[in-house]
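# Descriptive structure summary
For reference, the chains in residue letters:
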Amino acid sequence: MSKSKKKLLIIIPAYNEEKNIGDLLDKLKTPDIAKIADVLVMDDASKDKTRKIVLNKDLEVVTHIFNLGYGSGLQVGYKYAIHNGYEYIVQMDADGQHDVCNVLSIYEKLTTADEKGKCPDIVIGSRFMEGSQTFSISAVKKVAISMFRFLIKLGTGQRIKDPTSGLQGLSRRAIEFYAGFNHFDDKYPDANMIMQMLMLGFRVVEVPAVMHARVEGVSMHSGLKPVIYMLRMMFSIIAVWIRIRVYKVDIGAANEEPAT
């Protein structure tokens, strides 16, 4: 497989998103985005026409034979990006909640050095910054976000306003680390991964994001799932803190130079 001439890959994990993904892919074909980015859809064994729609758009799709979960889909996408020579990733949801305008703002932030001459490793598209445009969320999720903010601040000293945002940009350094064995949660990579990366010294920043409410389909956080997710994530964040602070696992990973 030949390396792409573009530096940016947009990864879209998808599971039964036939009602949403076509419109999203059409919007990603706008000239400003298409000239700088390729698109890869990770079809997690969808039972509907998700894969067929992507192929009809003449875009790349990786299809799992079995449903592996959100995190596994992303990690396979990271490995694809490394194999094909991409320098940056923007990952976004297939349900249309993440406006395509965020791609350009996240990519700009990823490639802009700070006052110390360093570019970010992770850029989070935040719903809770000045300039953000979003929709209302449930009381359970508000409680969860507040708890995750507190744990991350307690563990790292850094305040992250939107630790559960799935809209993120990654540098090559972050991509290579996440692609490694046991470096990424294969089910719910979320606030736990933000905690991990901050503790290891990766540079994590946020930018205002534009998001919309889901119009079609069912969210993976529907029903009782948000409560289960919140409890699982709390334990996972604590486990990350113990693994790094007590057992010193992966200490110094952020200092390693990315492969070329």
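For the structure, see preceding data.
This write-up is about the structure you can find in this document. (Residues numbered from 1 in each chain as written. Predicted model: local features only at pLDDT ≥ 70, side-chain atom pairs only at ≥ 80, totals over all residues. Heavy atoms only, no water.)

### Side note on the side chain of Asp-121
- Inspection of the secondary structure puts Asp-121 in the loop between helix H5 (101-110) and strand E5 (122-126).
- Engagement of the side chain of Asp-121 in a polar contact is seen with the backbone nitrogen of Arg-203, the distance being 2.8 Å.
- Apart from residues no more than four positions distant in its own chain, Asp-121 is found in contact with Leu-110, Gly-169, Leu-170, Ser-171, Arg-173, Ala-174, Phe-202 and Arg-203. (Helix = DSSP H or I, 4+ residues; strand = E, 2+ residues; numbered from the N terminus. Polar contact = N/O pair within 3.5 Å; in protein donor to acceptor, adjacent residues only side chain to side chain. Contact = heavy atoms within 4.5 Å.)

### Topic: the environment of Pro-226
- Structurally, the position occupied by Pro-226 is in helix H9 (residues 225-246).
- Accessibility expressed as a relative area gives 18% for Pro-226, which makes it buried.
- When the C-alpha atoms of Pro-226 and Val-140 are compared, they prove to be 7.0 Å apart, with 86 residues separating the residues in sequence. (Buried < 20%, exposed > 50% of the residue type's maximum accessible area, 1.4 Å probe, protein only.)

### Observations concerning the sheet that holds strand E1 (residues 8-14)
- Read from one edge of the open sheet, seven strands run E3-E2-E1-E4-E6-E5-E7, paired in mixed fashion. In this open sheet, the two edge strands, each paired with only one partner strand, are strand E3 (60-63) and strand E7 (204-208). The average angle at which neighbouring strand axes cross in this sheet is 20°, direction not considered.
- The sheet contact formed by E1 and strand E2 (residues 37-43) spans seven bridges and is parallel. Each bridged residue has a counterpart across the sheet, and for Leu-9 the counterpart in E2 is Asp-38. (Pairing = 2+ DSSP bridges. Axes fitted to C-alpha atoms, helices over the stretch in contact; angles between N-to-C directions.)

### Focus: a nonpolar patch on the surface
- The grouping of Val-140, Val-227, Leu-231, Phe-235, Ile-238, Trp-241, Ile-242, Val-246, Tyr-247 and Val-249 at the surface amounts to a nonpolar patch, some 900 Å² of accessible area in total.
- Top element by residues in the nonpolar patch is H9. It accounts for seven residues.
- Summarising the element assignment, Ile-238 is placed in helix H9.
- For Ile-238, a relative accessible area of 42% puts it in the partly exposed group. (Patch = residues over 30% accessible without salt bridge, like charges linked within 9 Å, V, L, I, M, F, W, Y side chains within 5 Å. Areas by Shrake-Rupley, 256 points an atom, 1.4 Å probe, with all protein chains shown as cover. Salt bridge = Lys/Arg side-chain N within 4 Å of Asp/Glu carboxyl O.)

### Digging into helix H7 (residues 172-179)
- A large share of H7 lies buried, amounting to seven of its eight residues.
- Every buried residue of H7 is listed here: Arg-172, Arg-173, Ala-174, Ile-175, Phe-177, Tyr-178 and Ala-179.
- Buried-residue contacts for H7 involve helix H4 (70-83), strand E4 (88-91), E5, strand E6 (168-171) and helix H8 (191-199).

### Considerations on unusual backbone geometry
- With a phi angle near 55°, Asn-16 is a residue other than glycine that sits in the positive phi range.
- Mapped onto the secondary structure, Asn-16 falls in the loop between E1 and helix H1 (21-28).
- Given a relative accessible area of 31%, Asn-16 falls into the partly exposed group.
- Despite not being glycine, Asp-250 has its phi angle at roughly 65°, a positive value.

### Topic: the nonpolar core
- In this structure, Tyr-78 and Tyr-178 are the most contacted members of the largest nonpolar core, which totals 43 residues.
- Broken down by element, the residue count for this core peaks at seven residues, all from H8.
- If sequence neighbours within four positions are ignored, Tyr-78 has contacts with Ile-11, Ile-89, Gln-91, Leu-170, Ile-175, Tyr-178, Ala-179 and Phe-184.
- Counting 30 residues, the second largest nonpolar core, distinct from the first, contains Ala-14, Val-54, Val-61 and Val-100. (Core = buried A, V, L, I, M, F, W, Y, C linked by side-chain atoms within 4.5 Å.)

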